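Chain by chain, the residues run as shown.
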Amino acid sequence: MKMIRTRFAPSPTGFLHIGGARTALFSWAYARHHAGKFILRIEDTDVARSTPAAVQAILDGMDWLGLAHDEGPFYQLQRMDRYKAVIKEMLDAGTAYHCYTTPEELDRMRETQRATGLKPRYDGTWRPEPGKTLPPPPDGALPVVRFRNPVEGKVVWDDLVKGRIEIANNELDDLVIARADGTPTYNFCVVVDDWEMEITHVIRGDDHVNNTPRQINILTALGAEVPLYAHLSMILGDDGQKLSKRHGAVSVMQYDDDGYLPEAVLNYLARLGWSHGDEEIFSMQQFCEWFDLDHITPSAAQFNTEKLNWLNAHYIKQTDNARLSGLVRSRLEARGITITDEPSLEAIIGLYKERMSNLNELADAAEVFYIDLHPNADVLALHLTPEILPALADFIDGAKGVEWEAPAIAALIKTCIGKHGLKMPKLAMPLRVLLTGQTQTPSVDAVVALFPREIALGRLAAASVG
Ligand code: GLU
């Protein structure tokens, strides 16, 4: 069987956005599923809009997601000679021709056509036909090169997502494939690359459906095998509108900043327009085993932040403490916080990760263990009422000698509240606030035990001062 070859071909005009990431994921997974090759191609021919920073942002995004390519990255700008050579071959073969119609003439042509109710199109003045005499080329004028599109028949392809699509050839203009300065145009570069990179499956956004019949015609004229096409529907925001910056994070790396794990984002994207029964949570390995193009929904997929958050919480719980603490550590260091060995960041994370749905929340929770803490005076006053002070004093006293483990600390808390006839929260709340500045924490005995005894006693001693 023929080797499956897919590609992701972003234009580096901005960051890797969530729609692009899904296209990349599906192309990658399809190649993986079939033990094929996944190619990364940077379509940087639009020099006015492409930037090195955007190229880097795309590479970073792919790297963060772990979507490794087997070949490339290929840069179209580095392949200009190849495109020009193919244009020359087409001119020689008569499948392309020089056209000297100026942009002004084209504008006039279109105006007249519109005025008479015709579809605006190139009138074919310079298109060679058997028995037709072409006008002499104007002196010194530089021609564009046009593809000699068939006039008869239609272009048909069985889109692997959208089903059969047919376009009559008389709907298609003779596409400009090289500008007057000799530079090849966008659709042409895509064709040459898909051909020479032997792409078998073009999986891309459905904003390219209109390009497909033109590309198929050029491929056919080149004698190239036409790949199969799968056009993915767009992604809508939570509100059903086209996904845009307005919806918050659209750049993949923004999800990193916002505390998402790449596996959560990948799992989320995998289910965005594709399904495998009711399966919601699965690894990328499992996804690659399951992934096919038959179960992609042709309708638009709607983004659901709540579901992404749910998946992220799931993956945070699943991730081992060592990896999580590495991720949280770099966030805390970026905030300028020095992390000491004690309290142990890994232990903090082990205790808190069950209740957090993103890495920033986890970092917020861990941060208070390493800073010079000044609990909010109002919150403290609310919980550290005079009736609590004797129980707290007993706790501090007992804490000096107690075995420094959560169960022993829990027993000490119980003794103290029992002695003073208090309910558990009465002592637990001021302990929480004094130690972490927060009113919501995991089990208070476990939180106390995270601190080295001296640090815990120091924070509690602040109560007698305050
Ligand atoms: N460069 C195009 C884009 O970023 C994709 C072209 C293609 O996949 O054929 O939208």
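Being a predicted model, the structure only gives us computed values, none of them experimental. (Residues numbered from 1 in each chain as written. Predicted model: local features only at pLDDT ≥ 70, side-chain atom pairs only at ≥ 80, totals over all residues. Heavy atoms only, no water.)

Novice: Outline helix α1 (residues 18–33), supporting the account with residue identities and numerical values.
Specialist: Count 3.6 residues to each turn of an α-helix, and residues three or four apart come out pointing the same way. Taking 1.5 Å per residue, 16 residues should reach 22 Å; α1 reaches 22 Å between its end C-alpha atoms and fits that length. Most of α1 is tucked away: 14 of the 16 residues are buried. Backbone geometry just after α1 places alanine 35 at a positive phi near 50°. (Helix = DSSP H or I, 4+ residues; strand = E, 2+ residues; numbered from the N terminus. Expected span 1.5 Å × (residues − 1). Buried < 20%, exposed > 50% of the residue type's maximum accessible area, 1.4 Å probe, protein only.)

Novice: Describe the UniProt feature "binding site: ATP" (unreviewed entry) in the chain, listing the residues and the values that go with them.
Specialist: The sites that carry the UniProt feature "binding site: ATP" (unreviewed entry) are, in the present numbering, Lys245. Relative to the elements of secondary structure, lysine 245 occurs in the loop between β11 (235–236) and α7 (252–257). Those residues in contact with lysine 245 that sit more than four places away from it in its chain are Phe15 and Val250. (UniProt positions renumbered as here; feature names shortened; annotations may be inferred. Contact = heavy atoms within 4.5 Å.)

Novice: Residues and numbers for the pattern of salt bridges, please.
Specialist: Scanning all chains against the criterion turns up 30 salt bridges. Where glutamate 196 meets arginine 82, a salt bridge forms, and the shortest distance between an N and an O atom there is 2.6 Å. Of this pair, glutamate 196 sits in helix α5 (residues 186–196) while arginine 82 sits in helix α3 (residues 80–93), and the two are 114 residues apart along the sequence. Residue classification places glutamate 196 among the partly exposed positions, given a relative accessible area of 29%. Of the charged contacts in the structure, one is a salt bridge between glutamate 129 and arginine 148, with a shortest N-O distance of 2.8 Å. Highlighted residues: glutamate 129 in the loop between α4 (103–115) and β5 (144–147) and arginine 148 in the loop between β5 and β6 (154–159), separated in sequence by 19 residues. Through salt bridges with shared partners, a single ionic network connects Arg7, Arg41, Glu43, Arg79, Arg82, Asp193, Asp194 and Glu196. (Salt bridge = Lys/Arg side-chain N within 4 Å of Asp/Glu carboxyl O.)

Novice: Before we move on, can you summarise the side chain of asparagine 187 with the specific residues and values?
Specialist: Here asparagine 187 lies in helix α5. Dropping the residues within four chain positions of it, asparagine 187 is found in contact with Leu175, Asn211 and Gln215.

Novice: Outline the pairing of β6, listing residues and values.
Specialist: Here β6 shows a buried face lined by Val155, Trp157 and Asp159 and an unburied face lined by Lys154, Val156 and Asp158. With six bridges joining them, β6 and strand β7 (residues 163–168) adopt antiparallel strand pairing. Its bridge partner being in β7, aspartate 159 is matched across the sheet by glycine 163. (Pairing = 2+ DSSP bridges.)

Novice: Would you mind going over the packing of helix α15 (residues 389–399) against helix α17 (residues 424–436) in detail, with residue names and values included?
Specialist: Axis separation between α15 and α17 bottoms out at 10 Å; the angle between their running directions is 65°. Along this stretch, α15 crosses α17, giving a crossing that reads as right-handed. Along its contact with α15, which presents Ala391, Leu392 and Phe395, the element α17 presents Leu427, Leu431 and Leu434. Of the residues contributing to the contact of α15 with α17, the split by class is six nonpolar, no polar and no charged. (Axes fitted to C-alpha atoms, helices over the stretch in contact; angles between N-to-C directions. Left-handed = near helix turned anticlockwise from the far one by under 90°. Nonpolar A, V, L, I, M, F, W, Y, C, P; charged D, E, K, R; others polar.)

Novice: If you had to explain the site of the ligand to someone new, which residues and values would you point to?
Specialist: The local shell around the ligand consists of Arg7, Ala9, Pro10, Ser11, Glu43, Tyr186, Val190, Arg204 and His208. In this structure, arginine 7 approaches the ligand through a side-chain N or O atom, which is 2.6 Å from an oxygen atom. For the ligand, a nitrogen atom lies 2.5 Å from a polar atom in the side chain of glutamate 43. Relative to its unbound accessible area of 300 Å², the ligand is 82% covered by the protein chains. (Near = heavy atom within 4 Å. Polar contact = N/O pair within 3.5 Å; in protein donor to acceptor, adjacent residues only side chain to side chain. Areas by Shrake-Rupley, 256 points an atom, 1.4 Å probe, with all protein chains shown as cover.)

Novice: Could you give an account of unusual backbone geometry, naming the residues involved and the relevant values?
Specialist: Note the cis peptide between glycine 72 and proline 73, where omega equals 0°. Positionally, proline 73 belongs in strand β3 (residues 71–75). In this structure, proline 343 follows glutamate 342 across a cis peptide bond, with omega equal to -5°. Along the chain, the position of proline 343 falls in the loop between α11 (321–334) and α12 (345–352). Phi is positive for alanine 35, which is not a glycine, with a value near 50°.

Novice: Now, about the environment of alanine 57: what can you tell me, with residues and values included?
Specialist: The residue alanine 57 is located in helix α2 (residues 52–65) in this model. Overall, the relative accessible area of 21% leaves alanine 57 in the partly exposed class. Along the chain, alanine 57 and threonine 13 lie 44 residues apart, while their C-alpha atoms are 9.9 Å from each other.

Novice: Would you mind going over the UniProt feature "domain: Aminoacyl-tRNA synthetase class I anticodon-binding" (unreviewed entry) in the chain in detail, with residue names and values included?
Specialist: Under the present numbering, the feature "domain: Aminoacyl-tRNA synthetase class I anticodon-binding" (unreviewed entry) in UniProt falls on residues 338–463. In this annotation, residues 338–463 is assigned 64% helix and 0% strand; the end-to-end C-alpha distance for the span is 25 Å.

Novice: Help me get a handle on the packing of aromatic side chains, residues and values and all.
Specialist: In this structure the tally under the stated criterion is 16 aromatic pairs. Relative to phenylalanine 291, the ring of tryptophan 274 has its centre 5.7 Å away and its plane inclined at 50°; by these criteria the two rings are tilted. Of the two residues, tryptophan 274 is situated in the loop between α8 (262–270) and α9 (284–290) and phenylalanine 291 in the loop between α9 and β12 (301–302); the sequence distance between them amounts to 17 residues. On the accessibility criterion, tryptophan 274 (1% relative accessible area) is buried. With a relative accessible area of 0%, phenylalanine 291 lands in the buried category. Feature note: the residues Phe26, Tyr30, Trp274, Phe282, Phe287, Trp290 and Phe291 constitute an aromatic cluster, connected by ring pairs. Here arginine 146 stacks its cationic end above the ring of tyrosine 122, 3.8 Å away from the centre of that ring. (Phe/Tyr/Trp six-rings, centres within 6.5 Å; stacked < 30°, edge-to-face > 60°. Lys NZ or Arg CZ within 6 Å of the ring centre and 35° of its normal.)

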